[in-house]
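Okay, here's what each chain looks like letter by letter:
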Amino acid sequence: MPDADDILERKNFYLEVPQTCKAFALKGSNALDWGMKNRLARVFSPDDCRTVMLAVDHGYFQGPTTGLERIDVTICPLIPYADALMITRGALRSTIPPEIAKPVVLRSSGGQSILKELSNERIAVDIEDAVRVNASALAVQVYIGGVHEHESIGNLVEIVNAGNRHGIPTMAVTGVGKELARDAKYLGLATRICAELGANFVKTYYCERGFAAVAAGCPVPLVIAGGKKLPEIDALRMAYRAVSEGAAGVDMGRNIFQCDAPKAMIQAVRAVVHENETPERAYDLYLSLKSAGEGSELCTAKTQLR
Ligand code: 5RP
């Protein structure tokens, strides 16, 4: 029975308590709409505004990359340890169980291969399809200084506009050709342009000198790519320096899935990013998890994710 007459008079409007709604803490994101914030809060932990994204989108331009020959076998066991999964729609639909409770950052540009000019990309996903796969963010490559700089900036702007219409954030990925230096001057230029044009967060590279200025000059969160496979301790050092100097985490691929013990490595990266663990202690964690057998077991029907 509805309490139409309010006979019980038990309602409490807390008249003495001013209504509040706390500010959204993620860098540069407080003015966004609710859906954008909600999706960003799935990618970046609300506890520390950081993320460990697992990047497995490499096949979109380089085919069956080492470690990704069978995403169903090698990547599924890692997903529980990632805050978000960066992946193409093709790999997502064909290999990832839809029951995963992790946000998807959907690779949304493409159109070239390692055999051709890398900056020659186009938008490769309709926004409707991104909605259909429940993407929490869209990822688009931007080649500042590249042969197709203008077109790649156009792709970013179109993706940002489409994402804004649907409340889906955009991650710009600063692609660098072989000819471009990955120094602070270049990365500062590239990341700032992406943010100014509306990217909600930016994936870029770490640089040994001046990264703190790159991060400070970018008004939205930066995450760093791992790049080519490094010795594990070096990859952990890079992640540690990046977050200490202002990055909001990593979007790491090869330095996780090309390890001997990927499951141990992603946990070590998490320790650095979310617990501010030193690289040395995180490396010890890596070694102990690895020797305890954490890391190399593959995904079988029984271990399929939920
Ligand atoms: C290209 C990309 C990659 O496809 C990938 O995400 C890079 O990850 P990593 O360098 O850590 O292997 O974004 O620029």
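**Some thoughts on the overall build of the protein**
Alright, step 1. Counting its regular elements, the protein contains 12 helices and 10 strands.
Alright, step 2. Taking 19 Å as the expected radius of gyration for a compact globule of 306 residues, we find that the protein reaches 21 Å, a close match to that expectation.
Alright, step 3. Based on the C-alpha atoms only, the size of the protein along its principal axes is roughly 75 × 50 × 40 Å.
Alright, step 4. For the protein, buried positions account for 50% of its 306 residues.
Alright, step 5. Put simply, 68% of the contacts in the protein that link residues at least 6 apart link residues at least 24 apart.
Alright, step 6. As presented, the protein carries roughly 15,300 Å² of accessible surface, and 52% of it is formed by carbon and sulfur atoms.
Alright, step 7. A gap of 4 Å separates the mean positions of the 34 positive and 36 negative side-chain charges of the protein.

**A closer look at the site of the ligand**
Alright, step 1. Around the ligand there are 16 residues in total, and Asp57, His58, Gln141, Lys203 and Gly253 lie nearest to it.
Alright, step 2. Residue histidine 58 places a side-chain N or O atom 2.7 Å away from an oxygen atom belonging to the ligand.
Alright, step 3. In the environment of the ligand, an oxygen atom lies 2.7 Å from a nitrogen or oxygen atom belonging to the side chain of glutamine 141.
Alright, step 4. Among the cavities detected, the one that contains the ligand is the largest pocket.
Alright, step 5. Tallied by class, residues from the shell around the ligand come to six nonpolar, five polar and five charged.

**Some points on the packing of helix α9 (residues 232-244) against helix α12 (residues 279-291)**
Alright, step 1. The interhelical angle for the contact between α9 and α12, taken along N-to-C directions, is 135 degrees, at an axis separation of 9 Å. Compared by their axis directions, α9 and α12 come out oblique. The chirality of how α9 crosses α12 is right-handed. Residues Glu232, Ile233, Leu236, Arg237 and Tyr240 of α9 lie in contact with α12, whose contacting residues are Pro279, Glu280, Ala282, Tyr283 and Tyr286.
Alright, step 2. Residue composition of the contact of α9 with α12, grouped by class: seven nonpolar, no polar and three charged.

**Some points on unusual backbone geometry**
Alright, step 1. The phi torsion at tyrosine 14 lies on the positive side, around 45 degrees, for a residue other than glycine.
Alright, step 2. Position of tyrosine 14 among the secondary structure elements: in the segment before α1 (34-43).
Alright, step 3. Since its relative accessible area comes to 48%, tyrosine 14 is described here as partly exposed.
Alright, step 4. Backbone geometry at asparagine 276 places phi at a positive 50 degrees, although glycine is not the residue there.
Alright, step 5. Assignment of secondary structure puts asparagine 276 in the loop between α11 (262-275) and α12.
Alright, step 6. Overall, asparagine 276 belongs to the partly exposed group, its relative accessible area being 48%.

**Details of the layout of surface pockets**
Alright, step 1. By volume, the largest pocket is sized at about 840 Å³.
Alright, step 2. Around the largest pocket, the lining is made up of 33 residues, and of these Phe61, Leu118, Val176, Arg182 and Tyr205 lie nearest the centre.
Alright, step 3. The greatest single-element share of the lining of the largest pocket, amounting to three residues, is contributed by helix α2 (residues 59-62).
Alright, step 4. When its residues are assigned to classes, the lining of the largest pocket shows 12 nonpolar, 10 polar and 11 charged.
Alright, step 5. By volume, the second largest pocket amounts to about 340 Å³.
Alright, step 6. Residue composition of the lining of the second largest pocket, grouped by class: 11 nonpolar, three polar and two charged.

**Brief notes about α12**
Alright, step 1. For α12, which comprises 13 residues, the first-to-last C-alpha distance of 18 Å matches the rise-based estimate of 18 Å (1.5 Å per residue) to within 8%.
Alright, step 2. For α12, the set of buried residues is Pro279, Ala282, Tyr286 and Leu289. Looking straight down α12, one finds its buried side chains confined to an arc of 85 degrees; they lie on one side. Structural note: α12 exposes Arg281 and Ser291 on the side pointing more than 90 degrees away from its buried face.
Alright, step 3. Looking at the packing, one finds that the buried side of α12 touches α9 and α11.
Alright, step 4. Glycine 293 sits one or two positions beyond α12 and adopts a positive phi of about 90 degrees.

**Describing the pattern of salt bridges**
Alright, step 1. This model, assessed by the stated rule, comprises 14 salt bridges.
Alright, step 2. Here lysine 203 makes a salt bridge to aspartate 251, at a shortest N to O gap of 3.0 Å. Taken together, the positions of lysine 203 in strand β8 (residues 201-204) and aspartate 251 in strand β10 (residues 249-252) put the pair 48 residues apart, joining distant regions of the chain. Aspartate 251 shares its class with lysine 203; the two are buried.

**A short note on the side chain of asparagine 155**
Alright, step 1. With respect to the helices and strands, asparagine 155 occurs in helix α6 (residues 149-166).
Alright, step 2. Assessed through its relative accessible area of 8%, asparagine 155 is described here as buried.
Alright, step 3. A polar atom in the side chain of asparagine 155 sits 3.1 Å from the backbone oxygen of glutamate 121.
Alright, step 4. Those residues in contact with asparagine 155 that lie beyond four places of it in its chain are Glu121, Arg122, Ile123 and Val140.

Parameters at a glance
- Residues numbered from 1 in each chain as written.
- Predicted model: local features only at pLDDT ≥ 70, side-chain atom pairs only at ≥ 80, totals over all residues.
- Heavy atoms only, no water.
- Helix = DSSP H or I, 4+ residues; strand = E, 2+ residues; numbered from the N terminus.
- Rg over C-alpha atoms; globule rule 2.2 N^0.38 Å.
- Buried < 20%, exposed > 50% of the residue type's maximum accessible area, 1.4 Å probe, protein only.
- Contact = heavy atoms within 4.5 Å.
- Areas by Shrake-Rupley, 256 points an atom, 1.4 Å probe, with all protein chains shown as cover.
- Lys, Arg positive; Asp, Glu negative; His and termini not counted.
- Charge placed at Lys NZ, Arg CZ, Asp CG, Glu CD.
- Near = heavy atom within 4 Å.
- Polar contact = N/O pair within 3.5 Å; in protein donor to acceptor, adjacent residues only side chain to side chain.
- 1 Å grid on protein atoms, 1.4 Å probe; cavity = no way out; pocket = protein on both sides within 12 Å on 5 of 7 lines; lining within 4 Å.
- Sits in = over half its atoms within 2 Å of the grid points.
- Nonpolar A, V, L, I, M, F, W, Y, C, P; charged D, E, K, R; others polar.
- Axes fitted to C-alpha atoms, helices over the stretch in contact; angles between N-to-C directions.
- Parallel < 35°, antiparallel > 145°, perpendicular 65-115°, else oblique.
- Left-handed = near helix turned anticlockwise from the far one by under 90°.
- Points joined across faces, edges and corners; volume = space filled by probe spheres on them.
- Expected span 1.5 Å × (residues − 1).
- Arc of directions from axis to C-beta.
- Salt bridge = Lys/Arg side-chain N within 4 Å of Asp/Glu carboxyl O.

Shape is all these values report; function is a separate question.
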